Amino acid sequence: MPKRVDHAERRTEIAEALVRAAGRLGLHAVGMRDVAAEAGVSLRLVQYYFESKEKLLLFGLRHLAERFGQRVTARVRAAGAHPGARAVIEALLGAALPVDEESRTFHHLYTSYAVLAVTDDALAAQPFIKDPDSAEDTVAGLLQQAAEQGQLRPGVDPRAAAAGLLAMSAGLGTSVLVGQRSAQSAAEILAHHLDQIFLPAPADAA
């Protein structure tokens, strides 16, 4: 009896191959043939699951976003059973800093997607900003919750602060990626700016 093929699993395997190949060659240079070779499958099979490079890249972007979400979830769980808003925000921002192979690849490729979306009409037509908008909504919601609990400094606008923190995290991630600063330095800068947003915890204020 022929073995049943798990199509979702096969698509994921091809997406993982895209991530590995693009991490070496660069997203702009990687082709479907490179991905097929990386996955150990035929070019025809890659073309069967993804009719064009643009569709493969879009699926790869969604796969990266899913992996990033899993990384954030793991960091939030590590913060304790009932982490506060600041701890959750620190977990989200910290997960994006390129401190290991997985996060370096994520930052490198996600930044490459952003650049390609500026010049590639097919990618630009896709809902590329959905995930960044979702992240901003999440951080803004956490800050709003903290504001309602009296944890923010006076005058802090949750929406503006969320946008600023995420933009800062992205910029710091690039500076770490290119060797301008260390991951520890980037984390300290993020902590400094969170200190400007959040009031000291009661134990710290004593």
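This text follows the structure it describes.
Residues numbered from 1 in each chain as written. Predicted model: local features only at pLDDT ≥ 70, side-chain atom pairs only at ≥ 80, totals over all residues. Heavy atoms only, no water.

A. Molecular detail of helix α2 (residues 32-39). Among the residues of α2, those classed as buried are Met32, Val35 and Ala36. Mapping the buried residues of α2 onto a view down its axis gives an arc of 100 degrees, with all of them on the same face. The exposed set on the far side of α2, more than 90 degrees from its buried face, consists of Arg33 and Ala37. Buried residues belonging to α2 abut α1 (7-25), α3 (43-49) and α4 (53-78). Of the residues flanking the end of α2, it is Gly40, one or two places downstream, whose phi is positive at about 75 degrees. (Buried < 20%, exposed > 50% of the residue type's maximum accessible area, 1.4 Å probe, protein only. Helix = DSSP H or I, 4+ residues; strand = E, 2+ residues; numbered from the N terminus. Arc of directions from axis to C-beta. Contact = heavy atoms within 4.5 Å.)

B. Geometry of empty space enclosed by the protein. This structure, assessed with the given rule, holds 1 cavity of 30 Å³ or more. Here the largest cavity is characterised by a volume of approximately 60 Å³. When residues of the lining of the largest cavity are traced back to their parent elements, those giving at least two are α4 and α6 (101-119). Take the lining of the largest cavity: its biggest share by element is 4 residues, from α4. Grouping the constituent residues of the lining of the largest cavity by class yields 4 nonpolar, 1 polar and 3 charged. (1 Å grid on protein atoms, 1.4 Å probe; cavity = no way out; pocket = protein on both sides within 12 Å on 5 of 7 lines; lining within 4 Å. Points joined across faces, edges and corners; volume = space filled by probe spheres on them. Nonpolar A, V, L, I, M, F, W, Y, C, P; charged D, E, K, R; others polar.)

C. Geometry of the packing of aromatic side chains. One pass over the full model with this rule turns up 4 aromatic pairs. Seen from their ring centres, Phe50 and Phe59 are 5.2 Å apart, and the 55 degrees between their planes marks the pair as tilted. There is no split in this pair, since Phe50 and Phe59 are both buried. Plain terms: the ring middles of Phe106 and Tyr110 are 5.5 Å apart, the flat faces sit at 20 degrees to each other, and that makes the pair stacked. Of the two residues, Phe106 and Tyr110 are both situated in helix α6; the distance of 4 residues between them amounts to about one turn of the helix. On the basis of relative accessible area, Tyr110 is assigned to the buried category, the value being 17%. Three or more aromatic residues joined by ring pairs make a cluster, and in this case those are Phe68, Phe106 and Tyr110. The ring of Phe59 carries the charged tip of Arg11 above its face, separated from the ring centre by 4.6 Å. (Phe/Tyr/Trp six-rings, centres within 6.5 Å; stacked < 30°, edge-to-face > 60°. Lys NZ or Arg CZ within 6 Å of the ring centre and 35° of its normal.)

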